[in-house]
Amino acid sequence: MYKYFPHTQEDLDVMMRATGITHLDDLFAEIPEQIRWHGDYDLPHSMSEIEIRQYFSRLCEQNQRLTVFAGAGVYDHYTPSVISSLVERSEYLTSYTPYQAEISQGTLHYIFEFQSMMTALTGLAISNASMYDGTTATAEAVLMAAGQSKKANKVVVSQTVDPKTLQVVRTYAHFHGVEIVEAAEKDGATDKADVARLLNEGGVAGVVVQQPNRYGVVEDFGGLADAIHAQKALFIVNSVAADLALLKTPAEWGADVAVGDGQSLGLPMSFGGPSFGYMCCTEKLMRKMPGRIVGMTRDNRGQRAFVLTLQAREQHIRRQKATSNICSNESLMALWATIYLSVMGKEGLKAAARASYGGAHYLYDRLLQTGRFTPAFDQPFFNEFCVRYDGDADRLLQHLLSHGILGGVKVDDHTLMIAVTEKRTKEEIDRFVTLTEEEAL
């Protein structure tokens, strides 16, 4: 009757005798009777394969496929079709942390390539084997900053960092006894004078900024690294991975640690996940870095081989000695990004970034020309921007949604944040503007 259940009745009898029970229900004896379910499950009748496919096709038809102009950390980038074909191979799809690492040469190889690509993007010397997402990577960098300082236990976070990231940072910091202080923003960018004031107060282990920031603004961090390093604190820069194809790298800003989310490297939005986080740092900090690091060496035959390196096993298997309790990584998503970067290449990555930049600035100019929108900030931006709308923002977003467009993210009652990627065509952008003009009629 249950042909897919692995245990025979004989197996069950042996286990019950070993545990001292007479019936399987005895395993659940501690569950109060009043909260147990005794009715029949509302399960559909059995279906054939073709009926199952038709059933799920009907469900899929209920989804509304939208043209996406929203961002705020998750972006509608192009995904080359070859990626899913490669990732769905069985040796990749089941990949997880290699506990017997050196026999997992294929996994270690692609992680090594991933690390190499991330160091190229960030300009920093060392990358780990990826992390869960950009928010936890940022939180881990905050703990790194506090951990490497013997006296300072305070980390400054700019108010222009994404609120979702700040919330995760605060959660991590609370349970590690790290104090989080926010540096003020000014005209949509970090107030460097306020950062200087907080640094001069002393006790600062690190400073966290974001590029582009929560409003899409490309900030000027000139001079910030010198001021931070003068206080022996770490400079941490959070960036959208794909934007680093054209923007100044964290290393060029003088960052000690670069973190961020990798979803922009061809990962589908997928209703919010999964994604992966990246973390890169200077050589000086490489033994403080959480997660795993893969290195290349030679075996006893002189052939190239890959190994876990620079870290003691205690960092992963003994909680009390761990650099971090994130001991595994989103390896499958790191593989996805590695294939994406390989397929796109340097020039392809730059071309996608230029297209995103050009489309965003074209839409920005068109919206201002309607007379219904004004700039929210007098600041440069990349592929995401904020504009103020002189009407009802909720009604506008609903109007766009009714025509199949996800029109952006509402920052406040009259401010919208809108993102454009290389997938958005001129026709789609023009239609967006036409619909905003129609809503005003």
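Overview of the structure. Note that this is a predicted model, so its numbers are computed, not measured.

This paragraph deals with the sheet that holds strand β13 (residues 373-375). Taken in spatial order, the four strands make up an open sheet running β13-β14-β17-β16, and their pairing is antiparallel. Strands with a single pairing partner mark the edges of an open sheet, and in this sheet they are β13 and β16 (409-412). Direction aside, neighbouring strands of the sheet carry axes that sit 40° apart on average. As judged from the three bridges shared by β13 and strand β14 (residues 384-389), these two strands associate in the antiparallel manner. Bridging across to β14, Pro 375 finds its partner in Val 387.

For the rest of this paragraph, the subject is the environment of Asp 11. The residue Asp 11 is located in helix α1 (residues 9-19) in this model. Assessed through its relative accessible area of 32%, Asp 11 is described here as partly exposed. Considered as a pair, Asp 11 and Arg 292 are 281 residues apart in the sequence and their alpha carbons are 40 Å apart. Here the side chain of Asp 11 touches Thr 8 through a polar contact of 3.0 Å, landing on its backbone nitrogen.

A separate point is the layout of surface pockets. It is the rolling of a water-molecule-sized probe over the atoms that shows where space remains empty. In this model, the largest pocket occupies a volume close to 710 Å³. Of all the secondary-structure elements, those providing two or more residues to the lining of the largest pocket are α6 (134-148), α7 (163-175), β7 (204-211), β8 (234-239), β9 (257-261) and β16. Considering every element that reaches the lining of the largest pocket, the biggest residue donor is α7, with three residues. Put simply, the second largest pocket is a space of about 580 Å³. Lining the second largest pocket are 20 residues, with Arg 65, Leu 66, Met 269, Ser 270 and Phe 271 positioned closest to its centre. For the lining of the second largest pocket, the per-class residue count stands at 11 nonpolar, six polar and three charged.

It is worth spelling out the packing of α6 against α7 at this point. Put simply, α6 and α7 touch, their axes get as near as 8 Å, and they point 45° apart. It follows from the interaxial angle that α6 and α7 lie oblique. For the pair α6 and α7, the sense of crossing is right-handed. Together, Thr 135, Thr 136, Thr 138, Ala 139, Glu 140, Val 142 and Leu 143 of α6 and Lys 164, Thr 165, Val 168, Val 169 and Tyr 172 of α7 make up the contact between the two elements. Taken together, the residues of the contact of α6 with α7 break down into six nonpolar, four polar and two charged.

Rules behind the numbers
- Residues numbered from 1 in each chain as written.
- Predicted model: local features only at pLDDT ≥ 70, side-chain atom pairs only at ≥ 80, totals over all residues.
- Heavy atoms only, no water.
- Pairing = 2+ DSSP bridges.
- Helix = DSSP H or I, 4+ residues; strand = E, 2+ residues; numbered from the N terminus.
- Axes fitted to C-alpha atoms, helices over the stretch in contact; angles between N-to-C directions.
- Buried < 20%, exposed > 50% of the residue type's maximum accessible area, 1.4 Å probe, protein only.
- Polar contact = N/O pair within 3.5 Å; in protein donor to acceptor, adjacent residues only side chain to side chain.
- 1 Å grid on protein atoms, 1.4 Å probe; cavity = no way out; pocket = protein on both sides within 12 Å on 5 of 7 lines; lining within 4 Å.
- Points joined across faces, edges and corners; volume = space filled by probe spheres on them.
- Nonpolar A, V, L, I, M, F, W, Y, C, P; charged D, E, K, R; others polar.
- Parallel < 35°, antiparallel > 145°, perpendicular 65-115°, else oblique.
- Left-handed = near helix turned anticlockwise from the far one by under 90°.
- Contact = heavy atoms within 4.5 Å.

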